[in-house]
Amino acid sequence: MTYQPHGKHLIAGEWVASDTTFSSQPVSGEAMNVSAGGSAEVDRAVQAAEEAFLTYGWTSRDERAAFLEAIADEIEARGADITRLGCAETGLPEARLQGERGRTTGQIRLFADHIRKGEYLDRRHDEALPDRQPLPRPDLKMMQRPIGPVAVFGASNFPLAFSTAGGDTASALAAGCPVVVKGHPAHPATGEIVADAIAAAAARTGMPAGVFSLIQGTSHELGRALVQHPLIRAVGFTGSLGAGRALFDLCAARPEPIPFFGELGSINPVFVLPEALSSRGAELGGEWAASLTMGVGQFCTNPGIVVAAEGPGLAAFVDAATDALKAAGEAVMLTEGIADAYRRGVAEVGSANGVQELLKSTCDRRNAAPAVYKVDAETWLANEALGEEVFGPLGILVTANAPSQMLDLAKSLKGQLTATLQMDEADTDTAQALVPVLERKAGRLLVNGFPTGVEVADAMVHGGPYPASTNFGATSVGTLAIRRFLRPVCYQNMPEELLPDA
């Protein structure tokens, strides 16, 4: 049977309507009226999450793993409807939604496997030494424990993998933390059907109803109420620097501050070293264009900046990149607001002093086309605004007069999700000088690849120094993400009967 969205919140296992509504803005099909939540819905959901934590936080790893696997199963059972709704709301192609659904269920199952192994608990035991002099030592056991209810904000650019049942939700549930999601208004129907899958999985595996809730809405007040609720213990967020920083400040200003794990922005610089540019300039230009336009540039790892030295291969790089970008043409963006922001960003870059236009973007309404500009290193270093993220297929080529100037450019960078080196063997000395600098700037370093796309794996780091993310010690992708929602607890002389089963 085809799923028909109803536009309600899911709160503690019940679908609940609000008096206030907003209208969705799909790319195709009819708009729907969606309940717009506020502080009352937040309080109801968070209170239910706190009550659920008293039991869910003490479930076994096998029980939580079975719950996660049931979520993945239920999402897959709704696969055709999820793709239909997601395509209509976002304009993303079917293949992208299908691939993202596979990534979403894959990372959920990855966390199920991860918690079954138990290594994430970091269990330590110092046995009692009653005869030690001058003082005896008590029996000490330590392990990681869940922190409590977690708030998650859905992302605009990943309606599945970073939204309702995305990595933040999966890792928090794996840790033993109930989750309250603020759905992204760009894809409310997609969020709703995924929430329906989670609710079905909770009922199927006997989990408390308050283990998961979804609240829809567009207002800043809704987000503020969620991060300021005194029972919320941490926040996961993927979005703009402005919105993320505002929520981060609210978390820090609470009477009891809580951690805010926000992914906020990155330009993901690519350093094309001289020998690689000389030998592979045209090839690298085409590959950069493909990475820059993937998903209409709406990936957090979009490589918006290329740094290259003036010299052999640069003209071939520029020609190949601009030809490929011209051929890419216009494509629909996720929301009208994102498209408007992209056009403003392109206009600001294009009007900056010392910037040369290589390819002009002509687009309107919800569409976007690539734009590419060229600037020398001195101009780049003098204009901090050129280093700000523009969400979309905008590329800037920064030219350096020598490898030493590339090092100056690397030192000037703010925190990034990724930094890439394109190099040949003869570039090793230059690369060895850059790596110690770039390692301090980014959470993931790449060689001879492009950063668009993030592998979901144990070793992945998807985070970086501010403003790429608000906590440089965390990642939102990979199994290490679970550590965000755990805290160490030491049990001294505790009887076995009082200890967690793990």
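About the cut-offs
Residues numbered from 1 in each chain as written. Predicted model: local features only at pLDDT ≥ 70, side-chain atom pairs only at ≥ 80, totals over all residues. Heavy atoms only, no water. Helix = DSSP H or I, 4+ residues; strand = E, 2+ residues; numbered from the N terminus. Buried < 20%, exposed > 50% of the residue type's maximum accessible area, 1.4 Å probe, protein only. Contact = heavy atoms within 4.5 Å. Pairing = 2+ DSSP bridges. Axes fitted to C-alpha atoms, helices over the stretch in contact; angles between N-to-C directions. Phe/Tyr/Trp six-rings, centres within 6.5 Å; stacked < 30°, edge-to-face > 60°. Lys NZ or Arg CZ within 6 Å of the ring centre and 35° of its normal. Right-handed = clockwise from strand over helix to strand, strands pointing away. Parallel < 35°, antiparallel > 145°, perpendicular 65-115°, else oblique. Left-handed = near helix turned anticlockwise from the far one by under 90°. Nonpolar A, V, L, I, M, F, W, Y, C, P; charged D, E, K, R; others polar. Expected span 1.5 Å × (residues − 1). Salt bridge = Lys/Arg side-chain N within 4 Å of Asp/Glu carboxyl O. Arc of directions from axis to C-beta. Core = buried A, V, L, I, M, F, W, Y, C linked by side-chain atoms within 4.5 Å.

## A few points about the environment of P274
- Here P274 lies in helix α9 (residues 274-293).
- Residue P274 is classed as partly exposed on the basis of its relative accessible area, which comes to 26%.
- Note: C-alpha distance between P274 and E384 (110 residues apart in sequence) is 25 Å.
- Discounting residues that sit within four places of it in the chain, P274 has contacts with A309, P403 and D427.

## Looking at the sheet that holds strand β21 (residues 486-492)
- Strands sit in the order β5-β6-β21 across an open sheet of 3 strands; the sheet is antiparallel. Only two strands of the sheet have a single neighbouring strand rather than two, namely β5 (124-126) and β21. Sheet twist, expressed as the mean angle between neighbouring strand axes with direction ignored, is 25°.
- Of the pairings in the sheet, the one linking strand β6 (residues 140-146) to β21 comprises 7 bridges and is antiparallel in character. Each bridged residue has a counterpart across the sheet, and for K141 the counterpart in β21 is Y491.

## Quick word on the packing of aromatic side chains
- A complete count under the given rule lists 8 aromatic pairs for this structure.
- The interplanar angle of 65° and the centroid separation of 5.7 Å between the aromatic rings of F153 and F237 together place this pair among those described as edge-to-face. Placement of F153 in strand β7 (residues 150-153) and of F237 in strand β10 (residues 234-238) is noted, with a sequence separation of 84 residues between them. Pair check on accessibility: F153 and F237 agree, each one buried.
- Geometrically, the ring pair formed by F237 and F260 is tilted, given 5.6 Å between the ring centres and 35° between the ring planes. Residue F237 is located in strand β10, and its partner F260 is located in strand β11 (residues 260-263); the two are separated by 23 residues in the primary sequence.
- A relative accessible area of 7% places F237 in the buried class.
- Ring-pair connections join several aromatic residues into one group, and the members of that group are F153, F237, F248 and F260.
- Of note, R145 hangs over the ring of W58, and the distance from its end group to the ring centre comes to 4.7 Å.

## Quick word on the pairing of β11
- Side-chain alternation along β11 places F260 and G262 on one buried face and F261 and E263 on a second face that is also buried.
- Pairing between β10 and β11: 4 bridges, direction parallel. Across the sheet, residue F237 finds its bridge partner in β11, namely G262.
- Read from β10 through helix α8 (residues 241-253) to β11, the crossover connection turns out right-handed.

## What to know about the packing of helix α2 (residues 61-77) against helix α5 (residues 167-175)
- It is at 9 Å that the axes of α2 and α5 come closest, and there the two elements cross at 155°. Accordingly, the angle class assigned to the pair α2 and α5 is roughly antiparallel. Every pair of crossing elements has a handedness; the one defined by α2 and α5 is right-handed. Here α2 contributes R64, F67, L68 and I71 to the contact with α5, which in turn contributes A170, L173, A174 and A175.
- Residue composition of the contact of α2 with α5, grouped by class: 7 nonpolar, no polar and 1 charged.

## Section: helix α3 (residues 79-90)
- When the terminal C-alpha atoms of α3 are compared, their 16 Å separation across 12 residues agrees well with the 16 Å that a helix rising 1.5 Å per residue should span.
- Of all 12 residues in α3, 9 are buried, a share of seventy percent or more.
- Buried residues along α3 sit in contact with α2, α4 (94-117) and α6 (188-205).
- Of the residues flanking the end of α3, it is G91, one or two places downstream, whose phi is positive at about 80°.

## Comments concerning the pattern of salt bridges
- A complete count under the given rule lists 21 salt bridges for this structure.
- Across the pair R109 and D73 runs a salt bridge whose closest N-O atoms are separated by 2.8 Å. Of this pair, R109 sits in helix α4 while D73 sits in helix α2; the two residues are 36 residues apart in sequence, bridging distant segments of the chain.
- Taking the shortest distance from any N to any O, the salt bridge between D122 and R124 comes out at 2.9 Å.
- Counted as one network, the salt bridges with shared partners bring together D73, E74, E76, R78, R109, D196 and R204.

## Quick look at helix α11 (residues 336-350)
- Between its first and last C-alpha, α11 extends 21 Å over 15 residues, near the 21 Å set by a 1.5 Å rise per residue.
- Inspection of α11 places I338, A339, Y342, G345, V346 and V349 among the buried residues, and these make up the whole buried set. One side of α11 carries all its buried residues, which in axial view fall inside an arc of 125°.

## Examining the nonpolar core
- By size, the foremost hydrophobic cluster in this structure holds 102 residues, and its most contacted members are F67 and F271.
- When residues in this core are grouped by element, the largest group, 8 residues, is from α6.
- Dropping the residues within four chain positions of it, F271 is found in contact with V307, M406, A410, L413, T420, L421, Q422, L434 and L438.
- Ranked by size, the runner-up nonpolar core spans 22 residues in total, among them V16, A49, V235 and I258.

## Considerations on the sheet that holds strand β19 (residues 416-422)
- Strand order in the open sheet formed by 7 strands is β15-β17-β18-β13-β12-β19-β20, with mixed pairing between adjacent strands. Looking along the sheet, the strands with just one partner apiece sit at the ends: β15 (356-359) and β20 (442-447). Going from strand to strand, the sheet's axes swing by 20° on average, the running direction of each strand aside.
- The pairing of strand β13 (residues 305-309) with strand β18 (residues 394-400) spans 5 bridges and is parallel. Bridge pairing links V307 to V398 in β18.
- Packing against the sheet, helix α10 (residues 314-328) makes contact with β12 (270-272), β13, β15, β17 (371-376) and β18, and its axis sits at approximately 55° to β15.
- Strands in contact with α11 are β17 and β18; relative to β17, the strand with the most contacts, it is inclined by about 30°.

## Topic: the pairing of β6
- The buried fraction of β6 is high, at 5 of 7 residues.
- Two elements, β5 and β6, share 3 bridges in a ladder whose sense is antiparallel. The residue bridging R124 from the neighbouring strand is M142, located in β6.

## Comments concerning unusual backbone geometry
- In this model, Q133 is joined to P134 through a cis peptide bond whose omega is 5°.
- You can see P134 is positioned in the loop between β5 and β6.
- Look at the link from Y466 to P467: it is a cis peptide, with omega at 5°.
- The backbone phi angle of A12 is positive, close to 50°, even though this residue is not glycine.
- Within the secondary structure, A12 is located in the loop between β1 (9-11) and β2 (14-16).

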